[in-house]
Amino acid sequence: MSVSWSCLCCVKYLMFVFNLIFWLGGCGLFGVGVWLSFTQSEFSSLPLSFPSLSAANLLLTAGGITMVTGFLGCLGALKEQRCLMFMFFVILLLLVLTEVSLILIIHIFHDKLDSKAQGELKEGMKIYESEPGLKKSWDSVQKMFKCCGVTNKTDWYEVLNGSLPSSCCSIGTDQCINGWSEPCYQKARMWLLDNLSSVLVFGVCIGVIQILALVFSILMFCQIFCAEKHFD
């Protein structure tokens, strides 16, 4: 009996430590999402398919769910309550399956997803002149990244009757004739990858911790069951 309870205590505290790291990781992801949202606030009128905006929403959602799951895991490990442990296990299992599914979908259909996102952005460009908020967002994007259009500067020709917005050229230019040649979608995507590469590595570490937490939750269930049987 003492050996069984010793094993249970060992598994319990190990699971608590892993879930504490998991919770802190969730706080980190949520914090990066908040930072990205604030830094990209000038682009808020653009469709959510814009790379940096979609990444910010994804990080906020993932961070929030991770924080809640980690808290349930810590509480369940300390209290040794089956209800909390079962809830933690189900949420974590669903979270892992969702993440794996999303990774596979993005990997397999990344070209189609990019095309759809670019199509939504081009559709939003049509109200550039009639929507002040969207106009300000597009001008901010093009000035910041020194780019023009979604996939090419010619994207503006249909919107502005063969002309380019002044934000496609250097600051202070009243009339833009030869705008920047680089597309904004790819430029924003590259900026995102350059600035969030460490977050991707951090996300992989969180994934490993998730799997370990799942294993320890199963072990803890087994230990609790065996200890109760032995006690009876």
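Note that the structure is predicted; figures quoted are calculated from it, not measured.

What follows deals with the side chain of Gln 118. Checked against the element boundaries, Gln 118 lands in helix α4 (residues 110-125). With a relative accessible area of 15%, Gln 118 lands in the buried category. Setting aside its immediate chain neighbours within four residues, Gln 118 contacts Val 150, Thr 151, Tyr 185 and Gln 186.

What the rule picks out here adds up to two aromatic pairs. Here Tyr 128 and Trp 156 contribute two aromatic rings whose centre-to-centre distance is 4.7 Å and whose plane-to-plane angle is 65 degrees, an arrangement assigned as edge-to-face. Remark: Trp 156 occurs in the loop between α5 (132-145) and α6 (184-195) and Tyr 128 occurs in the loop between α4 and α5; sequence separation between them is 28 residues. Residue Tyr 128 is classed as buried on the basis of its relative accessible area, which comes to 5%. Judged by its relative accessible area of 0%, Trp 156 is buried.

Moving on: the environment of Ile 105. Among the structural elements, Ile 105 can be located in helix α3 (residues 82-108). Those residues in contact with Ile 105 that lie beyond four places of it in its chain are His 110 and Leu 113.

Per the counting criterion, the structure on display carries five salt bridges. The shortest N-O distance in the salt bridge between Asp 114 and Arg 189 comes to 2.6 Å. Of the two residues, Asp 114 is situated in helix α4 and Arg 189 in helix α6; the sequence distance between them amounts to 75 residues. Notably, a salt bridge pairs Lys 187 with Glu 182, separated by 3.4 Å at the nearest N-O pair. Residue class for Glu 182 comes out partly exposed when judged on its relative accessible area of 41%.

Let's shift gears to α3. For α3, which comprises 27 residues, the first-to-last C-alpha distance of 38 Å matches the rise-based estimate of 39 Å (1.5 Å per residue) to within 8%. Looking at α3, one finds that the buried residues are Leu 84, Met 85, Phe 88, Phe 89, Leu 92, Leu 95 and Val 96.

Time to look at the nonpolar core. Counting 21 residues, the largest nonpolar core has Trp 138 and Trp 156 as the members making the most contacts within it. Elements represented by at least two residues in this core include exactly α4, α5 and α6. In terms of residue count, the dominant contributor to this core is α5 (four residues). Residues in contact with Trp 156, not counting those within four places in the same chain, are Met 125, Tyr 128, Trp 138, Gln 142, Cys 148, Gly 149, Asn 161, Ser 163, Leu 164, Pro 165 and Cys 168.

Moving on: α6. Note on helix geometry: an α-helix contains 3.6 residues per turn, so any two residues three or four positions apart are oriented the same way. With twelve residues, α6 ought to run about 16 Å at 1.5 Å a step, and its terminal C-alpha atoms sit 16 Å apart, in line with that. Listed in full, the buried residues belonging to α6 are Cys 184, Tyr 185, Ala 188 and Leu 192. All buried residues of α6 project into a common sector of 105 degrees when viewed along the axis, lining one side.

With that out of the way, let us pick up unusual backbone geometry. Glycine aside, a negative phi is what most residues show, and trans is what most peptide bonds show. The phi angle at Lys 146 is positive, at roughly 50 degrees, despite the residue not being glycine. Checked against the element boundaries, Lys 146 lands in the loop between α5 and α6. In this structure, Asn 161 is a non-glycine residue whose phi angle is positive, near 55 degrees. The residue Asn 161 is located in the loop between α5 and α6 in this model. You can call Asn 161 exposed: its relative accessible area is 74%.

Time to look at the side chain of Gln 142. Of note, Gln 142 is situated in helix α5. Gln 142 has contacts with Cys 147, Cys 148, Gly 149, Trp 156, Pro 165, Ser 167, Cys 168, Trp 180 and Cys 184, leaving out every residue within four places of it along the chain.

Cut-off values and rules
- Residues numbered from 1 in each chain as written.
- Predicted model: local features only at pLDDT ≥ 70, side-chain atom pairs only at ≥ 80, totals over all residues.
- Heavy atoms only, no water.
- Helix = DSSP H or I, 4+ residues; strand = E, 2+ residues; numbered from the N terminus.
- Buried < 20%, exposed > 50% of the residue type's maximum accessible area, 1.4 Å probe, protein only.
- Contact = heavy atoms within 4.5 Å.
- Phe/Tyr/Trp six-rings, centres within 6.5 Å; stacked < 30°, edge-to-face > 60°.
- Salt bridge = Lys/Arg side-chain N within 4 Å of Asp/Glu carboxyl O.
- Expected span 1.5 Å × (residues − 1).
- Core = buried A, V, L, I, M, F, W, Y, C linked by side-chain atoms within 4.5 Å.
- Arc of directions from axis to C-beta.

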